[in-house]
Amino acid sequence: MSITRIPVHFSDSRRRAIDRWVKRVVTACGVGILVLMLLLFFWLIWVVMPLFNPPGMQIVASQQLWDKAPVLALGNDGQLGWRISRDEARFIPLDGQPAGPALALKGKPDAVVQSADHNSLLLNMQGDLMLIQPVNGEWRFPLGDRPMHLPQGAVAQMALATLGADQWRIAAQTATGIIVLTLDKSAHVNQIVLSQQQADHLLFSPDGNLLYTSEGRLLRVWQISDDGAQLRETQTLVQRPRSLHLLAGGRTLLIQDQRGISQWFAITGPQGPRLQEIHTFDGSSDTALIVTEPQRRVFATLTPEGDVSLFASKQQGATVTRKLEPGIVAAAFSPRGDTLVVERAGQWQRLRLDDPWPDFSWRNLWQKIWYENYPQPDWVWQSTAAGDSYQAKFSLIPMIIGTLKAASLALLFATPLALAAAMYTAWFMTPGLRRWVKPGIEMMGALPSVVIGLIAGVWLAPHISNALIGVLLLPLILAATLLLCGVLSPRLPARWRQPGYEVLLLLPILLAVTLLTLWLPTHFWPAMGERLAHYEQRNLLVAALAMAFALVPLIFTLSEDALFSVPVSLGQGSLALGATPWQTLTRVILPGASAGIFAALMIGFGRALGETMIVLMATGNTPVSEGGLFAGLRALSANIAIEMPEAAAGSAHYRILFLSALILLIFTLIINTVAEVIRQRLRQRYSQHEGQG
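All values reported here derive from a predicted model rather than from experimental measurement.

Engineer: Before we go on, may I ask you to explain the overall build of the chain in this structure?
Structural biologist: For the chain, the count of helices and strands is 15 helices and 30 strands. Over its C-alpha trace the chain gives a radius of gyration of 37 Å, far above what one expects of a compact globule, namely 26 Å for 693 residues. Along the longest, intermediate and shortest principal axes, the C-alpha atoms of the chain span 120 × 75 × 40 Å. For the chain, the proportion of its 693 residues judged to be buried stands at 46%.

Engineer: Sorry, what's going on with the packing of helix α6 (residues 468-488) against helix α7 (residues 502-519) here?
Structural biologist: In the contact formed by α6 and α7, the axes pass within 9 Å of each other and the chain directions differ by 150°. If you check the angle between α6 and α7, you find them roughly antiparallel. Considering only the axes of α6 and α7, their crossing is right-handed. Only L506, I509, L510, V513, T514, T517 and L518 of α7 make contact with α6, whose side of the interface consists of G470, V471, L473, L474, I477, L478, T481, L482 and C485. Residues that form the contact of α6 with α7 fall into these classes: 12 nonpolar, 4 polar and no charged.

Engineer: Would you mind showing me how to read the packing of aromatic side chains here?
Structural biologist: To describe a pair of aromatic rings, you give the distance between the ring centres and the angle between the ring planes. Following the criterion strictly, the structure yields 16 aromatic pairs and no others. Here F52 and F360 contribute two aromatic rings whose centre-to-centre distance is 5.6 Å and whose plane-to-plane angle is 70°, an arrangement assigned as edge-to-face. Placement of F52 in the loop between α1 (13-48) and β1 (56-64) and of F360 in the loop between β28 (347-354) and α2 (362-366) is noted, with a sequence separation of 308 residues between them. Taking 5.3 Å as the distance between ring centres and 50° as the angle between the ring planes, the aromatic pair formed by Y535 and F630 counts as tilted. Of this pair, Y535 sits in the loop between α9 (528-531) and α10 (540-564) while F630 sits in the loop between α13 (613-618) and α14 (636-643), and the two are 95 residues apart along the sequence. For the pair Y535 and F630, a shared accessibility class is recorded, and that class is buried.

Engineer: Whenever I open this one, empty space enclosed by the protein confuses me. Can you help?
Structural biologist: Remark: the empty space left among the atoms is shown by a probe the size of a water molecule rolled over them. If you walk through the whole model with that rule in mind, you get 2 cavities of 30 Å³ or more. The volume enclosed by the largest cavity comes to roughly 50 Å³. Looking at the lining of the largest cavity, the elements that each hand over two or more residues are β3 (80-85) and β4 (88-93). Looking at side-chain class alone, the lining of the largest cavity contains 3 nonpolar, 1 polar and 4 charged residues. The calculated volume of the second largest cavity comes to roughly 40 Å³. Taken together, L237, V238, Q239, I255, D257, R259, S262, W264 and E277 make up the full set of residues lining the second largest cavity. For the lining of the second largest cavity, the elements supplying multiple residues, two or more each, are β19 (253-257) and β20 (260-269). Its residues placed into classes, the lining of the second largest cavity shows 4 nonpolar, 2 polar and 3 charged.

Engineer: Got a minute to help me understand the environment of A414 in this structure?
Structural biologist: Mapping A414 onto the fold places it in helix α3 (residues 397-428). Put simply, A414 and L545 are 131 residues apart on the chain and 8.3 Å apart in space, counted from C-alpha to C-alpha. In this view, A414 contacts A548, L551, V552 and I555; residues no more than four positions away in its chain are not counted.

Engineer: Would you explain the nonpolar core in this entry?
Structural biologist: Core analysis: the largest hydrophobic core is formed by 57 residues, its most contacted members being I464, V542, M547, I555 and L563. If you list the elements that add at least two residues to this core, you get α3, α5 (449-466), α6, α10, α12 (581-610), α13 and α15 (652-692). Apart from the residues lying within four places of it in its own chain, the contact partners of V542 are A456, L460, A461, I464, Q537 and A618. Counting 23 residues, the second-largest nonpolar core is a separate cluster that includes L44, W357, I656 and F658.

Engineer: Which parts of the structure should I look at to understand the pairing of strand β16 (residues 218-225)?
Structural biologist: If a strand is regular, its side chains alternate between the two faces of the sheet. Both strand β15 (residues 210-215) and β16 contribute to a ladder of 6 bridges, which runs antiparallel. In the sheet register, T213 faces β16, and the bridge partner there is R220. Counted between consecutive antiparallel strands, the loop separating β15 from β16 contains 2 residues, among which G216 sits at a positive phi close to 65°. As defined by bridge partners, β16 adjoins strand β17 (residues 228-236) across 8 bridges and the pair is classed as antiparallel. Considered in β17, the bridge of I224 is made with A229.

Engineer: Even after reading the chapter, I still don't get the sheet that holds strand β27 (residues 339-344), so can you show me in this structure?
Structural biologist: Through backbone hydrogen bonds, the strands of a sheet pair up, either in parallel or in antiparallel fashion. Overall, antiparallel pairing links the 4 strands, which are arranged β1-β28-β27-β26 in an open sheet. At either margin of the open sheet sits one strand with a lone partner, and together these are β1 and β26 (330-333). Adjacent strand axes in the sheet meet at a mean angle of 20°, parallel and antiparallel pairs treated alike. In terms of strand pairing, β1 meets β28 through 8 bridges, oriented antiparallel. The residue bridging I59 from the neighbouring strand is L351, located in β28.

Engineer: Just checking my understanding: could you explain the environment of L143 for this structure?
Structural biologist: Take L143: it is sitting in the loop between β9 (138-140) and β10 (157-164). Classification of L143 as partly exposed rests on a relative accessible area of 31%. It is 8.7 Å that separates the C-alpha atoms of L143 and S186, two residues lying 43 residues apart in sequence. With sequence-adjacent residues up to four places away left out, L143 is seen in contact with L131, W168, L183, D184 and K185.

Engineer: Which parts of the structure should I look at to understand the sheet that holds β16?
Structural biologist: Taken together, 4 strands build an open sheet; the order of strands is β14-β15-β16-β17 and the sheet is antiparallel. The sheet terminates laterally at β14 (201-204) and β17, the two strands that pair on one side only. Direction aside, neighbouring strands of the sheet carry axes that sit 20° apart on average.

Engineer: Sorry, what's going on with the pattern of salt bridges here?
Structural biologist: Under the counting rule described, the total for this entry stands at 21 salt bridges. Of the charged contacts in the structure, one is a salt bridge between D286 and R242, with a shortest N-O distance of 3.3 Å. Note that D286 is positioned in the loop between β21 (272-280) and β22 (289-292) and R242 in the loop between β17 and β18 (243-246), a separation of 44 residues in sequence. Taking relative accessible area as the criterion, R242 reaches 40% and is therefore assigned partly exposed. Here the salt bridges share partners, and the residues they tie into one network are R434, K438, E442, E560 and D561.

Engineer: Could you clarify how one ought to interpret the pairing of β27 in this entry?
Structural biologist: For β27, the buried fraction is high: 6 of the 6 residues fall into the buried class. The side-chain alternation of β27 yields two buried faces, one formed by T339, V341 and E343 and the other by L340, V342 and R344. Pairing between β26 and β27: 4 bridges, direction antiparallel. Residue pairing across strands places A330 opposite E343, the latter belonging to β27. Hairpin geometry of β26 and β27 is characterised by an intervening segment of 5 residues between the two adjacent antiparallel strands and by a positive phi of about 75° at G337.

Engineer: Teacher, can you tell me more about the side chain of S313 here?
Structural biologist: Tracing the sequence through the fold places S313 in the loop between β24 (307-312) and β25 (318-323). The buried category is assigned to S313, whose relative accessible area is 6%. Side-chain polar atoms of S313 contact the side chain of Q391, separated by 2.7 Å. Apart from the residues within four sequence positions on either side, S313 is in contact with L247, Q263, H279, F281, R297 and Q391.

Here is what the cut-offs are and how they apply
- Residues numbered from 1 in each chain as written.
- Predicted model: local features only at pLDDT ≥ 70, side-chain atom pairs only at ≥ 80, totals over all residues.
- Heavy atoms only, no water.
- Helix = DSSP H or I, 4+ residues; strand = E, 2+ residues; numbered from the N terminus.
- Rg over C-alpha atoms; globule rule 2.2 N^0.38 Å.
- Buried < 20%, exposed > 50% of the residue type's maximum accessible area, 1.4 Å probe, protein only.
- Axes fitted to C-alpha atoms, helices over the stretch in contact; angles between N-to-C directions.
- Parallel < 35°, antiparallel > 145°, perpendicular 65-115°, else oblique.
- Left-handed = near helix turned anticlockwise from the far one by under 90°.
- Contact = heavy atoms within 4.5 Å.
- Nonpolar A, V, L, I, M, F, W, Y, C, P; charged D, E, K, R; others polar.
- Phe/Tyr/Trp six-rings, centres within 6.5 Å; stacked < 30°, edge-to-face > 60°.
- 1 Å grid on protein atoms, 1.4 Å probe; cavity = no way out; pocket = protein on both sides within 12 Å on 5 of 7 lines; lining within 4 Å.
- Points joined across faces, edges and corners; volume = space filled by probe spheres on them.
- Core = buried A, V, L, I, M, F, W, Y, C linked by side-chain atoms within 4.5 Å.
- Pairing = 2+ DSSP bridges.
- Salt bridge = Lys/Arg side-chain N within 4 Å of Asp/Glu carboxyl O.
- Polar contact = N/O pair within 3.5 Å; in protein donor to acceptor, adjacent residues only side chain to side chain.

Pasting the structure below:
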C-alpha cells in the first residue's frame, strides 16, 4: 500500500476558499439554530407573561343622579345601569347620556332582593311583594304591576330564585313563620310552610333547591322541592352572621361576621353533603358592603370609608385594593366583571376592572387548593366542564408527576437492555455479526411514535391485562435464565462455544422462556388485571414498556458508538496484562466510555420527557398525582396536544398550556446542561488517566 504524503508547504487556494466557505456556512447555521431557540423561548415568555400581570382598578367617569332618595337596588349591564329607590325606578346610561323616564312605583318599597342571575327583582312594598324585571331598558312585571299580599301577613325577610323563564321561587318571613312560594305566569302557586318560625337572613341557591336561613348563631340548610321542604343540616356558627352571600354557581357560601368574611361549601360525607368552613379571607372587613359577580367567583367589599377590595374564591386575600372617597352606599358589577358602578351621595362612579384571570395564581399551579365540594385540598387539573358556572382548576403537578414517572420508568426499562446490547455488540460480538445486528437495532428507531403508541394501546394493553402475572415475573425469570445459561455454557461442546456467536444460542432460549412465562400463568390466573380494584388497562406500565421500546435504539446507538470509540490500545494492553475480556470491559472500556454513555442516557431521558404520542395513546390520560404502576397518568406534552385545539386563544387555559410548554423546555434545557457539565468532567477525568497511562 503506497502512501502519498502532502508536502509541508503545500498550498491550494481553492481548497482553502472552500474550507472558509464551509466553515462560515456551518457557523451561520449553528448561530441560526441558537437564535431560533432564543426566539422560541422569548415567544413563549411573551405569551405567558400576561398571566402574571397584577389586577388593576381605575376610575373611568362620574355622573350625577336625578333621584336623591336612598338606593335600594342597583344594576349594571356594562352599557346601561338601573336604580331603584323608594320613589322610582330608572334606567341610566353609563356613557353620560340623559337618563330615561322614571317609573313611578305603586307603593313605597322597603327592600329589594335579586335572583342569582340578576334578571329578576323582588320588592317588599311595605309587607307586600312585587316582582319586576329590568330587560333591555324596559321594566316588566311578569306577575302584574300590583303588589301581592300574602294571607300570612306582612313580609319581613325574603329571598328570590329563578327556576325557569316563567317560574320563580320566593321565601318569605311572615308573622306566622317562613313560607316558600313557587309561582308562574299562570298564577299557579305552590306553598310550603317551614317548621322554622324565625330567621334573620334568607338566601336561595341559584336553582332554588336550597334555602339558607340564619337565626342567631344557627345556620340551617333546607332542601326544597315541589313536594315539600326537608332540613338537610344545622350548623352552629362561632359568631352571629351579619350577612349571607352566594358566589356564582351557588356552591360557595360567604358568611360575614366579626371575624371577616369566611368561605363555606358542602362536602359529601357518610350523612350526605354538609357545609364546612374552608378559610377566612385575609383582610376582609366585618362591616363592608359585599357585592358578587354574576358569572365568576369574585366579590368586592366596599367600606363606608371608601376602601374597595376585590377577592377571588381561590385566593387567600384581596387581589386588588383601591382607596376612593368615603360614603359608598351601593355597587354593582357588570355581567363580565370588567366594570363596577359605585354610588355615593347622589353620584355614580364607574370603575374599570382589569382582572381577566381571577382563578389563576402562581400558588394555584403548585400548591394544593381546596376546590368546591372536594373533601380536602388537592392538586387538580380540570380545565373545562359542561356547566357554564364551572370553576377551572389549573394545577400542573399531576402532569409533571406523570411526565417524570413515565420517563423515569421507561428509562429504567430501556437502560439495561440498551447498555447490555451495546456492550455485547461493541466488545464481544464478531465483526461480521455486528454488521447485521447494529443496523437492525437502529432500524427500530425509525418506527414512528404514533405507531408504537397505537400498538401499545390497542394490542399490548389488553395482553398485559390478561397476562399480568407473567409480565411481572418476566424480569426475574429472564435474569435467572441468564445466570443458569452462564453456569451451563462451559459444558457445551467446543464447536458450540465459538466466541462472538453465543447470542445465536441464547436468543432462542430467552424467546422460549419469555413465551412460556407469559402463557403459563394465564391458565391459573386468567385476566388478572381485571380482578384488581384499581387496575386501569392503559396505565403507567404499558406506557413505560412502549416508551422503553422507543428509547432502546437511541441509547444503544450512542452507547455502542461511545464504547467502540475507546482506543483499541487500552483494551489490548489490558488483555496483554492478563485481564479477562469482562474485566477489561468493566474496568477499562466502560470508564473510558462513561462520558458518552452518560450523554446517551440523558438524551434518552430528554426524549422520554418530550414524548407525546406514546403517552397519549398508551395511558388513560388521567391527570392525577396519585396512583402506582397500574394507574393512568397524563404527561405535560400529551396535555398540550389534547387541550390546545379546545383552548380559546388568549384565555387563561390557552396561556397556561403555553406555560406548560415553557416549563417543559426549561426542564429539558436544565437536564441537558447538567448532563453536559457532568459529561465534560467525566471526559476530562478519564482523559487524564489515559494520558498518565
